[in-house]
Amino acid sequence: MRSISPTSDTAGPPSIKKQASYLLLAKVAGFVFSLATPLLVVRILSVEDFGSYRQAFTLVTTLSSVLPFGLGTSAFYFLARPFEERGPAVVNIVLLFGLTGAAAFVVLTAFPEFAGSIFGSAKITRLSPWVGLLTAVWIFALFSDSVAFANREPVIGAYFVIASQITRTLAVIVAALAFGTVLSILVASIIQAAVQSVVLLLYLGDRFPRFWRSFDASFLKVHIAYALPLGFSGLLWNVHANLHFFVVGNRFNTAAFAIYAVGCFQLPLIGMLSESVNSVLIPRMTELQSADDRGTMVELLARASGKLALIYLPVFAFFFITAESVVALLFTEAYTASTPIFRTFLFLIPLGIVMSDSVVRVYTDLAKFLLKVRVASTVVLTVGLIAAAGTESLVAIVLTMVVIRYCESIVAEYGIFRRLGFRRTDLQKFARVFKIAVSTGAAAVCCTLVYTSLRSRVPEMLAGLQPAGGGNIPGELVQSLSMLVVLFAAGVTFAVPYLFLCFRFAGLAEDEVRLLTNLRARAFSFVGRRK
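Keep in mind the model is a prediction, meaning the values are calculated, not measured. (Residues numbered from 1 in each chain as written. Predicted model: local features only at pLDDT ≥ 70, side-chain atom pairs only at ≥ 80, totals over all residues. Heavy atoms only, no water.)

1. Structural notes on the overall build of the chain
We count it as follows: In this text, helices come from DSSP runs of H or I with a minimum length of four residues, and strands from runs of E with a minimum of two, each type numbered from the N-terminal end. Burial classes follow relative accessibility: with a 1.4 Å probe on protein chains only, a residue under 20% of its type's maximum area counts as buried, one over 50% as exposed, and anything between as partly exposed. In these tables, accessible area is a Shrake-Rupley quantity obtained with a 1.4 Å probe, and a residue counts as shielded only by the protein chains included in the view.
Tallying secondary structure elements over the chain gives 21 helices and zero strands in all. The buried share of the chain, taken over its 531 residues, is 51%. With the model as given, the accessible surface of the chain reaches about 23700 Å², and the carbon-plus-sulfur share is 67%.

This is the structure:
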């Protein structure tokens, strides 16, 4: 059955730049709300309850990512293909999402001790049915964050992403404030995901009328054949991303898990930027692969890497330098033990600069190659994490995970670029990444000098101040204000030389030059006013 889609218009699909802009805008808007969730919950729940909260949602997010087996992302491939494949692709995704979600709910409800044994927690055992229900609803609801973009409707996609982030955050915050229990947060999240699922069904029914009648058993085989290797690869990627959490949860108590989870806090904006770029690279890579234009594919990867490096490298350097103040400010002094874990975990950020996942999704042989690499690295990771857990050191566990992720990435990228016919002369296309790295290093030196000198002086200065009505400023307020002042001063010290060096030496594109020119002018203007 011929499905209706905006891509059928003679005007053609929106440009990649326009799609990326809308998706990134939506992610950034949602970032403000999603960031508030852990920062508020950590102040409401005790350390032990916060650990249980993170354990429950670690299990939900892991299952929600693993069980769909890459079918959700396959929409970017199939909705960019001929009309007759779109309706069957949608019904396949809806059907299999429903089946996998139902299976998760049945297993976690019938065998609650399974979830409890993973983390060695009786509380997780009691919450297991609720975790299963949230997983079932979430698997389907999360498809709304990508389906409109896959269907080349970036404006609607932006609305979906923003609305889902806002409502998801508000549901958690209201439940935490009103009841202050992990169960209440799970129930509120289930209600939000159910509403989001209804909206998704309405959208699918409007854009793909009677899509449920488009089921085609032969096409289902084609769809699964495409998604399965990527799904297994994604399964193993999730093992890499989350296995260390389960090892810590199983070997350490709930309070230690809370410390570790805070240390492995992922900066939401980084993940959002990566998803935004990858979502729009996949359709473009599909077109270039069909034309066998490998040279342009390498050039496109280089341009994307340069744009990501422009943000990833300074973010990594700044947060590495100021990690102690960042952790204390965001999660309170109770979690200062998370600082060395956070610093180690930050080393994963530079790995995201090269967005080769978009290439893997258009070459089936690369998907199989990556699957083999990840099978081998998963075995090594499992053995390494078990050995690291024997040291009873949380830092040893996260360091083991990071080192093995780097080793896997080196092997995988070698195979991917070899498939694209990468030559030594192509290295010059990535020269901008090196220039940005040098600029970041120079700015980091300046930032380190300022941060180390102010970190102890500013609290003493603020502690000596007295309010107009007499008395002393509360110690907690002094700590918070001093950390804000130090971070602000360190940020300005980092930004000014970084923007200057990038503007002069990094070989930026025109749109990046305009952006950095505005930022540099504002930074220098602020410094001038302060002087």
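2. Brief notes about the packing of helix 4 (residues 86-110) against helix 5 (residues 112-119)
Rule in force here: An axis is simply a line fitted to the C-alpha atoms; with a helix, the fit covers only the stretch in contact. Between two such axes, the angle follows the N-to-C directions and lies from 0 to 180 degrees. These descriptions rest on fixed angle ranges, namely under 35 degrees for roughly parallel, over 145 for roughly antiparallel, 65 to 115 for roughly perpendicular, and the rest for oblique. Two residues qualify as a contact provided that any one of their heavy atoms is within 4.5 Å of a heavy atom in the partner residue. Three classes are used: nonpolar for Ala, Val, Leu, Ile, Met, Phe, Trp, Tyr, Cys and Pro, charged for Asp, Glu, Lys and Arg, and polar for all others, with Gly counted as polar.
Orientation of helix 4 relative to helix 5, taken along the N-to-C sense of each, is 80 degrees, at an axis distance of 4 Å. When the interaxial angle is binned, helix 4 and helix 5 end up roughly perpendicular. Between helix 4, through Leu108, Thr109 and Ala110, and helix 5, the contact on the second element is made entirely by Pro112, Phe114 and Ala115. Looking at side-chain class alone, the contact of helix 4 with helix 5 contains five nonpolar, one polar and no charged residues.

3. Thoughts on the side chain of Thr440
The condition that has to hold: Polar contacts here mean pairs of N or O atoms no more than 3.5 Å apart (in protein, one a potential hydrogen donor and the other a potential acceptor; neighbouring residues in sequence count only if both atoms are side-chain atoms).
On the secondary structure map, Thr440 appears in helix 19 (residues 431-463). A distance of 2.8 Å separates a polar atom in the side chain of Thr440 from the backbone oxygen of Ile436. Among residues more than four places away in sequence, those in contact with Thr440 are Leu313, Pro314, Ala317, Phe494 and Tyr498.

4. Brief notes about the layout of surface pockets
Note the threshold: Only protein atoms enter the 1 Å grid used here, on which a cavity is any set of points holding a 1.4 Å probe that cannot leave and a pocket is any open set flanked by protein within 12 Å on both sides along at least five of seven lines; residues with an atom within 4 Å of a point are listed as lining. Grid points are joined across faces, edges and corners, and a volume is the space filled by probe spheres set on the points.
Its volume calculated, the second largest pocket comes out at about 370 Å³. Lining the second largest pocket are 13 residues, with Ser409, Ile410, Glu413, Tyr414 and Phe417 sitting closest to its centre. Looking at side-chain class alone, the lining of the second largest pocket contains nine nonpolar, two polar and two charged residues.

5. Here's the deal with the packing of helix 3 (residues 71-78) against helix 4
Running from N to C, helix 3 and helix 4 point in directions that differ by 175 degrees, and their axes come no closer than 10 Å. Our classification of the angle between helix 3 and helix 4 gives roughly antiparallel. Contact residues: helix 3 offers Leu71, Gly72, Ser74, Ala75 and Phe78, while helix 4 offers Arg86, Ala89, Ile93, Leu96 and Phe97. Partitioned by chemical class, the residues of the contact of helix 3 with helix 4 number seven nonpolar, two polar and one charged.

6. Thoughts on the environment of Ile224
Here Ile224 is to be found in helix 10 (residues 217-251). Assessed through its relative accessible area of 32%, Ile224 is described here as partly exposed. Separated by 150 residues in the primary sequence, Ile224 and Ser74 place their C-alpha atoms 9.6 Å from one another. Leaving out residues up to four positions away in the same chain, Ile224 has contacts with Leu96 and Pro229.

7. Focus: the nonpolar core
Stated formally: Buried residues of nine kinds, namely Ala, Val, Leu, Ile, Met, Phe, Trp, Tyr and Cys, make up a nonpolar core once their side-chain atoms join them within 4.5 Å.
Phe50, Tyr53, Ile185, Tyr260, Tyr335 and Val359 are the most contacted members of the largest nonpolar core, which totals 118 residues. A total of 16 residues in this core trace back to one element, the largest contributor, which is helix 13 (residues 294-321). Setting aside residues up to four positions removed in sequence, Tyr260 forms contacts with His244, Phe245, Val248, Ile341, Leu394, Ile397 and Val398. Membership of the second largest hydrophobic core comes to 27 residues, among which are Val91, Phe149, Ala150 and Ala227.

8. Notes on the pattern of salt bridges
For the record, the criterion: Should a side-chain nitrogen of Lys or Arg be within 4 Å of a carboxyl oxygen of Asp or Glu, the pair is scored as a salt bridge.
In this structure the tally under the stated criterion is seven salt bridges. Between Arg207 and Asp206 there is a salt bridge, with its nearest N and O atoms 2.1 Å apart. For Arg374, the salt bridge is made with Glu408, and the minimal N-O distance between the two is 3.3 Å. One end of the pair, Arg374, is in helix 17 (residues 364-389); the other, Glu408, is in helix 18 (residues 394-419), and 34 residues separate them in sequence. A single burial state applies to Arg374 and to Glu408, both of which are buried. When salt bridges that share partners are traced, they join Glu153, Asp206 and Arg207 into one network.

9. Concerning the packing of aromatic side chains
To keep it simple, the criterion reads: Stacked, edge-to-face and tilted labels apply to pairs of Phe, Tyr and Trp rings (six-membered ring for Trp) whose centres lie within 6.5 Å, assigned for plane angles under 30 degrees, over 60, and everything in between, in that order. Definition used: whenever NZ (Lys) or CZ (Arg) falls within 6 Å of the ring centre and also within 35 degrees of the ring normal, the charge is taken to sit over that ring.
In total, this model carries 20 aromatic pairs according to the counting rule given. Between Phe417 and Phe422 the ring centres are 5.1 Å apart and the planes differ by 75 degrees, which places this aromatic pair in the edge-to-face class. Given the relative accessible area of 13%, Phe417 is considered buried. In textbook terms, an aromatic cluster arises when at least three aromatic residues are bridged by ring pairs, as seen for Phe50, Tyr53, Phe57, Trp138 and Tyr335. The lysine or arginine in question, Arg343, covers the ring of Phe320, its NZ or CZ lying 5.7 Å from the ring centre.

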